[in-house]
Amino acid sequence: MSSSFFLPLPALSAPKSPLEKGRASVLSWRGKTCLPRLRAGRNPKADNASPHKESSPPARGAQDAPEQHRSPQPADRRSAVQEKPMTDFRTLVEQARTCRRFEEERPLQMADLEWLVDCARLTPCARNAQQLRYSLVGPGETCRRLFGMTKWAAALKDWGGPFPGERPTGFIVMSMPKSAGDLVWLDTGIAAQTINLAASSRDWGCCMIASFDHDGVRELVRLPDDLRPTLVLGLGVAREVRRVADVPESGALGYWRDAEQVHYVPKLSLDTLILNRF
C-alpha cells in the first residue's frame, strides 16, 4: 500500500516505555483499516546485526499483550535433538507407531521431556479439571531402575524387551487421583497420544506401557499418597523402523517383525471401520 494513503498521525504524548514507543496506531480511511508504517521503537542493535533483512511485523495484539500472560522462554534448556519441519498430519499419525527400540547413545534431555508434557497440558480434558500429573525421569540410574519395572511387547513371545544400547533414555510416568472418575481415563489417553504424536514429530519414539510394577513405580517416583500411576511412557530417539501393513487374509491383527527387524502393524481398512454413511 502506498504511503500516500495514510492520514497524518495526531500529536501524541511522550511514550512511557519502548513498548509504547513502538506501538502502531490503527487508522481508518474511507471505511478501510490500515496500519501506518512503524517509525519509532526500532532496535538499532538488531538493525546493525541484520542490515539487509527486515524483521517480520508482530501479530496483531502481540505488542499489547500483558507481560504476565506471555509464555516463558527458558534460555538454558536446550534439546540435544534438532527439530524437523512439520509434516502432513495423516503422515505424522502413520509414523507415530509404538516404538520399542531407541538410540541410547543419543539421550533425550529433561528439557525434551518438559516440552512433551507442555504439549500434553494444552489438550482438552473433562470439565477442564486438569487432574493428570507427570513425573519426568531423564537419563541415569532412576531411568535404568524404572526400565526394570516395565514389561514389553507381549505379542513378541521370543523377545524380552530392548537390549542394552536400545533402551529408552527417558520416561514420563502419568498419574491421576485415586478418587478420579472414569472420564479421567479418557483424559489419560488423550494426553498420552498427544505426547506420542509430539515425540514422532521430532523423530523420537514413544511406547505406552500399562504393564509395569505399580507399587515399585509409585515408590520410585515418590508419588503422593492420593495419586496412582496409570501409564509409563518410554521415550528416546527412535531406532526401530515401524510400518503400517494390510491385514492378512487370516484376519490376524498381531504385529510382527521381518528378518531385518522391521516392525509391521496391520490395520483394518477404512470401509471395515465405517458402519454407516448418512
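Residues numbered from 1 in each chain as written. Predicted model: local features only at pLDDT ≥ 70, side-chain atom pairs only at ≥ 80, totals over all residues. Heavy atoms only, no water.

> Help me understand the environment of C99, please; the structure alone is not making it clear to me.
Its place among the elements puts C99 in the loop between α3 (89-95) and α4 (110-121). Residue classification places C99 among the buried positions, given a relative accessible area of 0%. Between the alpha carbons of C99 and M208 there is a distance of 8.9 Å; along the sequence they are 109 residues apart. Excluding residues that lie within four positions of it along the chain, C99 makes contacts with W152, G205, C206, C207, A238, R239, E240 and R242. (Helix = DSSP H or I, 4+ residues; strand = E, 2+ residues; numbered from the N terminus. Buried < 20%, exposed > 50% of the residue type's maximum accessible area, 1.4 Å probe, protein only. Contact = heavy atoms within 4.5 Å.)

> Could you clarify how one ought to interpret the sheet that holds strand β7 (residues 242-246) in this entry?
Strands sit in the order β7-β9-β8 across an open sheet of three strands; the sheet is mixed. Each of the sheet's edge strands pairs with one partner strand only, and the pair in question is β7 and β8 (256-257). For β7 and strand β9 (residues 263-267), the ladder comprises five bridges, and the chain directions are parallel. Along β9, the bridge assignment pairs V244 with V265. (Pairing = 2+ DSSP bridges.)

> Please clarify how the state of the cysteines should be interpreted in this entry.
Using the criterion set out here, one finds zero disulfides in the structure. Between C207, a cysteine without a disulfide, and C206, which holds the nearest cysteine sulfur, the sulfur-to-sulfur distance is 7.1 Å. Its relative accessible area of 6% is what places C207 among the buried residues. (Disulfide = S-S within 2.5 Å.)

> Is there a simple way to explain the sheet that holds strand β6 (residues 227-237) in this structure?
In a beta sheet, neighbouring strands are held together by backbone hydrogen bonds and run either parallel or antiparallel to one another. One open sheet holds the four strands; their spatial order is β3-β4-β6-β5, and the pairing between them is antiparallel. For this open sheet the edge positions go to β3 (133-137) and β5 (204-209), each flanked by a neighbour on one side alone. For this sheet, the mean angle separating the axes of adjacent strands, direction not counted, is 25°. Sheet topology note: the strand β4 (residues 170-177)/β6 ladder contains eight bridges and is antiparallel. Looking at the pairing, F171 lines up with G234 of β6. Contacting β3, β4, β5 and β6, α4 runs over the sheet at an angle of about 165° to β3. Helix α6 (residues 183-201) contacts β3, β4, β5 and β6 of the sheet and is inclined by roughly 10° relative to β6. (Axes fitted to C-alpha atoms, helices over the stretch in contact; angles between N-to-C directions.)

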